[in-house]
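# A closer look at the structure
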Amino acid sequence: MVFLKVIQGFSNSILSSSRGRVLGLLLPVLALLAAGSATAADAERSQRADKSTREAGKAISKGVEASAKEFDRYFRQLLKQQGIPGAAYVIVDHDQIVAMNTYGVRVKGKHEAVTTHTVFRLASVSKTFAASMAAVLEHEHKFNWGDKVVRYVPQLSFKTPALSMQLQVQHLLSHSSGLTPNAYDNYLEDNRPLSKILPMFSTIDPHCAPGKCYGYQNVLFSLIEDVIQKATGVPYSRQLKERFFTPLKMEDASLGWESFMAASNRAAPHVQTGSGWRPVKVEKEYYLAAPAAGVNASISDMAQWLKAQMGYYPEVLSQAVIDDLTTERVETRRHMRHRIWRDYIDHAGYGLGWRLYTVGDDRIIFHGGWVAGFRAAVAYSEKRKVGIAILMNAESRVISDLTGNFIADITGRGKLVQAIAASAKK
């Protein structure tokens, strides 16, 4: 730009001379040279900026890759110490899989190894699917979060009928019904269908108004299936397949006990005994509450689910839907005392089907799952767009150590190398 101004000033003087007409013919050429110089300078600055951005991106990726390598050491070390039969994990950085690895066997005492397509039960991680499906439909105006649940489930009634009229659809998915935690889960464990459990709610009342306090539920959460069915006329299982599993290429994912048992490459559940881990029968129990605990998936499927939740499949989950899912509906103070998370999190809440943990300048979007013989966990950093999913065919708390310490590492609240060293001393 400075060069162009000099040329323009020079032109004013020479055009007033007798040779101005001749020299004037040169001015367009000089102006083009000046403009070219300015464009070249701008391009150089742009290239430097792009290079800086690429280098910053590479530095972040290298950081995630380093964490992934350390995590793999930690993963194998802990699982070997605990004698875990089999497991799998995936680490995703933005829309890229940084690491996806497996460990052990599908059934203890047999030779079939866990692969990236081995199907596990997701247990309560299934809630992330149900809430996401409901949010997609709510944003399509099939129903509203503020709709009364009795509109879709008229047989639901609390001891004080007026209180059941206050229960909204959003309260189901945020565990804010006000009822005692895990109300009537014991009947799910006895393999009773929801239709047989629902009348029992007429003998109890919420201990706070719906929407005001947190109490984790499975039976009530699963009523979202009735809402979806009646609002759309399409069964929940079909909605999951057509809206999530197929477009996300979650090739191993399914819903229900029958589908799990039909999978040839499936992990067996294991429980701890005095002589170590023992494979057990696959129970139907929580499958009867499908939205709460009925999804089956492989670690390959979970890689796709992480990408979708972090916003990289907007045609499946829009940013507006994700924002809705991760808006806190109720505070969950007692999770501040969790043995793993208490050293890292500054605030804990629940959105729709997701736990929300504030860690410094970031938020961790998380959910865990535990059902007879299986554990599952999925978590991602909202700011850094780095996520992890872990699936295990054993009821071991070691999954909490693995998830918590990886998250602490990527958010700068802890170091995996320290966790590895501490574990090695045990």
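Cut-offs and rules
Residues numbered from 1 in each chain as written. Predicted model: local features only at pLDDT ≥ 70, side-chain atom pairs only at ≥ 80, totals over all residues. Heavy atoms only, no water. Pairing = 2+ DSSP bridges. Helix = DSSP H or I, 4+ residues; strand = E, 2+ residues; numbered from the N terminus. Contact = heavy atoms within 4.5 Å. Axes fitted to C-alpha atoms, helices over the stretch in contact; angles between N-to-C directions. Disulfide = S-S within 2.5 Å. Buried < 20%, exposed > 50% of the residue type's maximum accessible area, 1.4 Å probe, protein only. Expected span 1.5 Å × (residues − 1). Phe/Tyr/Trp six-rings, centres within 6.5 Å; stacked < 30°, edge-to-face > 60°. Lys NZ or Arg CZ within 6 Å of the ring centre and 35° of its normal.

## Thoughts on the sheet that holds strand E10 (residues 355-359)
- Strand order in the open sheet formed by 8 strands is E2-E1-E13-E12-E11-E10-E9-E8, with antiparallel pairing between adjacent strands. Where the open sheet ends on each side, the last strands, each with one partner, are strand E2 (96-104) and strand E8 (330-331).
- Bridge count between strand E12 (residues 374-381) and strand E13 (residues 386-392): 6 bridges; the pairing is antiparallel. Within E13, the residue paired with Tyr380 across the bridge is Gly387.
- Contacting strand E1 (86-93), E2, E12 and E13, helix H13 (residues 299-309) runs over the sheet at an angle of about 30 degrees to E1.

## Focus: the state of the cysteines
- Going through the model one piece at a time under the given rule, you end up with 1 disulfide.
- The disulfide partner of Cys208 is Cys213, and the gap between their sulfur atoms is 1.8 Å. Here Cys208 and Cys213 share a disulfide; its torsion about the S-S bond, -90 degrees, makes the bridge left-handed. Comparing Cys208 with Cys213, the two get one shared label, buried.

## A word on the sheet that holds strand E4 (residues 254-255)
- The 3 strands lie next to each other as E3-E7-E4, forming an open sheet whose pairing is antiparallel. Among the strands making up the open sheet, the edge pair consists of strand E3 (120-121) and E4.
- Pairing of E3 with strand E7 (residues 295-297) involves 2 bridges; the strand directions are antiparallel. Bridging from a neighbouring strand, Arg121 pairs with Asn296 of E7.

## Points about helix H4 (residues 126-139)
- Taking 1.5 Å per residue, 14 residues should reach 20 Å; H4 reaches 20 Å between its end C-alpha atoms and fits that length.
- For H4, a buried count of 13 out of 14 residues is recorded, marking the element as mostly surrounded by other parts of the structure.

## Describing the packing of aromatic side chains
- Following the criterion strictly, the structure yields 15 aromatic pairs and no others.
- Taking 3.9 Å as the distance between ring centres and 5 degrees as the angle between the ring planes, the aromatic pair formed by Phe129 and Trp305 counts as stacked. Here Phe129, found in helix H4, pairs with Trp305, found in helix H13; they are 176 residues apart in sequence, far enough to count as distant.
- On the basis of relative accessible area, Phe129 is assigned to the buried category, the value being 0%.
- Ring centres 5.9 Å apart and planes at 85 degrees place the aromatic pair Phe260 and Phe374 in the edge-to-face group. Taken together, the residues span a long stretch of sequence, with Phe260 in helix H11 (residues 257-262) and Phe374 in strand E12 at a distance of 114 residues. For the pair Phe260 and Phe374, one class covers both residues: buried.
- Ring pairs connect the aromatic residues Phe71, Phe75, Tyr89, Tyr103 and Phe406, which therefore count as one cluster.
- The side chain of Lys127 reaches across the aromatic face of Phe221, ending 5.5 Å from its centre.
- It is Lys284 that lies over the ring of Trp257; its NZ or CZ is 4.5 Å from the centre.

These figures capture arrangement, not role.
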